Amino acid sequence: MSTWMAKTEDVERKWHLVNAEGKSLGRLATQIAEVLRGKNKPIFTPHADTGDFVVVINAKSVTMTGNKWTDKKYYRHSRYFGSLKEFKAKEMRELDPTFMLMDAVKGMLPKTRLGKVLLTKLKVYEGGEHPHASQKPEALNI
């Protein structure tokens, strides 16, 4: 008996809609990463893209536990000397609230070419509206 492995082109993809309002950042990111990777499907194959598309709305309303709004820091560097920028989580939410969720999910995906492909299937929006209504995303209960 030979082992069956899913191929990327044979996978049927769905679109899922997640409302991030009032959800904890890390817990939300783990469940989104699981759907992007395809671990919620019986055909999961570690080296193939078997996951679905995920659309996240209300990213600005995500929460963090404890003192993370003042203690957690995000860094940006352009690789020029003296260009290291440091932002607290509260400042980053004001600048770009979608970055926080994208960064959290990115850290939970593989650090390979597959991880970059999976991250392109994540669509994060600051408010409650998104341009993916024609794909008919299903609500994902998280």
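Throughout what follows, the structure given in this document is the object of discussion. Predicted, not measured: the structure shown is a model, and the values here were computed from it. (Residues numbered from 1 in each chain as written. Predicted model: local features only at pLDDT ≥ 70, side-chain atom pairs only at ≥ 80, totals over all residues. Heavy atoms only, no water.)

This paragraph deals with the overall build of the protein. Secondary structure summary: the protein contains five helices and six strands in total. In the protein, the order of α-helices and β-strands from amino to carboxyl end is β-α-β-α-β-β-α-α-α-β-β. Along the longest, intermediate and shortest principal axes, the C-alpha atoms of the protein span 55 × 35 × 30 Å. Burial analysis of the protein (142 residues in total) assigns 37% to the buried set. A total of about 9,200 Å² of accessible surface is found on the protein, and carbon and sulfur atoms cover 52% of it. (Helix = DSSP H or I, 4+ residues; strand = E, 2+ residues; numbered from the N terminus. Buried < 20%, exposed > 50% of the residue type's maximum accessible area, 1.4 Å probe, protein only. Areas by Shrake-Rupley, 256 points an atom, 1.4 Å probe, with all protein chains shown as cover.)

So, about the environment of Pro97. Looking at the element boundaries, Pro97 is found in helix H4 (residues 97-106). Taking relative accessible area as the criterion, Pro97 reaches 3% and is therefore assigned buried. Spatially, the C-alpha atom of Pro97 lies 8.7 Å from that of Val62, the residues being 35 residues apart in sequence. Excluding its chain neighbours within four sequence positions, the residues that come into contact with Pro97 are Ala59, Lys60, Met92 and Glu126. (Contact = heavy atoms within 4.5 Å.)

The full count for this structure, using the stated rule, is five salt bridges. Asp49 is paired through a salt bridge with Arg13; the nearest N and O atoms lie 3.5 Å apart. Of this pair, Asp49 sits in the loop between helix H1 (25-37) and strand S2 (53-57) while Arg13 sits in the segment before strand S1 (15-19), and the two are 36 residues apart along the sequence. Overall, Asp49 belongs to the buried group, its relative accessible area being 6%. (Salt bridge = Lys/Arg side-chain N within 4 Å of Asp/Glu carboxyl O.)

This brings us to H1. Compared with an ideal rise of 1.5 Å per residue, which puts 13 residues at 18 Å, H1 spans 18 Å between its outermost C-alpha atoms and is within 8% of the ideal. Buried positions along H1 lie against S1, S2, strand S3 (73-76), H4, helix H5 (113-119) and strand S5 (122-124). (Expected span 1.5 Å × (residues − 1).)

A sheet is described by the order of its strands in space; here four strands give the open sequence S5-S2-S1-S6, paired in parallel fashion. Edge positions in the sheet fall to S5 and strand S6 (138-139), since each has one partner strand and no second. Across three bridges, the pairing between S2 and S5 is parallel. Its bridge partner being in S5, Val55 is matched across the sheet by Lys123. Along the sheet, H1 makes contact with S1, S2 and S5, crossing S2 at roughly 155°. Packing of H4 onto the sheet brings it into contact with S2 and S5, and relative to S5 it is tilted by some 155°. (Pairing = 2+ DSSP bridges. Axes fitted to C-alpha atoms, helices over the stretch in contact; angles between N-to-C directions.)

If you look at the biggest cluster of nonpolar residues, it comprises 28 residues, and the most contacted ones within it are Leu25, Ile32, Val54, Val56, Met100, Val105 and Leu122. For this core, the secondary structure elements donating two or more residues are H1, S2, helix H3 (89-95), H4, H5 and S5. Looking at this core element by element, the count peaks at seven residues for H1. Filtering out sequence-adjacent residues up to four positions away, Val54 remains in contact with His16, Val18, Ile32, Val35, Leu36, Lys121, Leu122 and Lys123. (Core = buried A, V, L, I, M, F, W, Y, C linked by side-chain atoms within 4.5 Å.)

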